[in-house]
Amino acid sequence: MNEEVKWALYQSNANRGARLVLTALADNANERGMVTLPVNKLATMTNLSRQAIGAAIDKLLAGRDLVEVSRQGKSVAYRLGCFDEQGNFNAGETAKEEA
């Protein structure tokens, strides 16, 4: 189990469906904590509806367990909250507010 998944399971603020979505995102993140995963793929991985995934992502963003980095059309890139803006893993903290 990689460090990002361990963080999602044991140290994040997420619960229930949000934790499941965060774990799926963490399992697919690159070495700098960045992930772009289509909702359809998340739905298949988690067995959640598109609506449940959207609600989970909103909770993760509000709790700073996930940070939206960029958006192009329907594609959204996120950074896991255990990574800083430079892509350094920092499991002891969630993401800081971006200036």
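Note that this is a predicted model, so its numbers are computed, not measured.

Asker: A description of the packing of helix α1 (residues 3–10) against helix α2 (residues 16–28) should follow, citing residues and the corresponding values.
Answerer: Contact geometry of α1 with α2 gives a least axis separation of 8 Å together with a crossing angle of 170 degrees. Here α2 runs roughly antiparallel to α1, going by the angle between their axes. In this structure, α1 contributes Glu-4, Val-5, Trp-7, Ala-8 and Leu-9 to the contact, and α2 contributes Arg-19, Leu-22, Thr-23, Ala-26 and Asp-27. Among the residues making up the contact of α1 with α2, the classes are represented as 6 nonpolar, 1 polar and 3 charged.

Asker: Provide a residue-level description of the sheet that holds strand β1 (residues 34–35), including the pertinent values.
Answerer: Whether parallel or antiparallel, the strands of a sheet pair through hydrogen bonds between backbone atoms. Judged by pairing direction, the sheet is antiparallel, and its 3 strands sit side by side in the order β1-β3-β2 without closing on themselves. Edge positions in the sheet fall to β1 and β2 (66–72), since each has one partner strand and no second. As judged from the 2 bridges shared by β1 and strand β3 (residues 75–80), these two strands associate in the antiparallel manner. Considered in β3, the bridge of Val-35 is made with Tyr-78.

Asker: Would you mind going over the packing of aromatic side chains in detail, with residue names and values included?
Answerer: As enumerated under the stated definition, the model contains 1 aromatic pair in all. Ring geometry for Phe-83 versus Phe-89: centroids 5.3 Å apart, planes at 65 degrees, classification edge-to-face. A residue is classified by how much of its surface remains accessible, and Phe-89, at 35% relative accessible area, is partly exposed.

Conventions adopted
Residues numbered from 1 in each chain as written. Predicted model: local features only at pLDDT ≥ 70, side-chain atom pairs only at ≥ 80, totals over all residues. Heavy atoms only, no water. Axes fitted to C-alpha atoms, helices over the stretch in contact; angles between N-to-C directions. Helix = DSSP H or I, 4+ residues; strand = E, 2+ residues; numbered from the N terminus. Parallel < 35°, antiparallel > 145°, perpendicular 65-115°, else oblique. Contact = heavy atoms within 4.5 Å. Nonpolar A, V, L, I, M, F, W, Y, C, P; charged D, E, K, R; others polar. Pairing = 2+ DSSP bridges. Phe/Tyr/Trp six-rings, centres within 6.5 Å; stacked < 30°, edge-to-face > 60°. Buried < 20%, exposed > 50% of the residue type's maximum accessible area, 1.4 Å probe, protein only.

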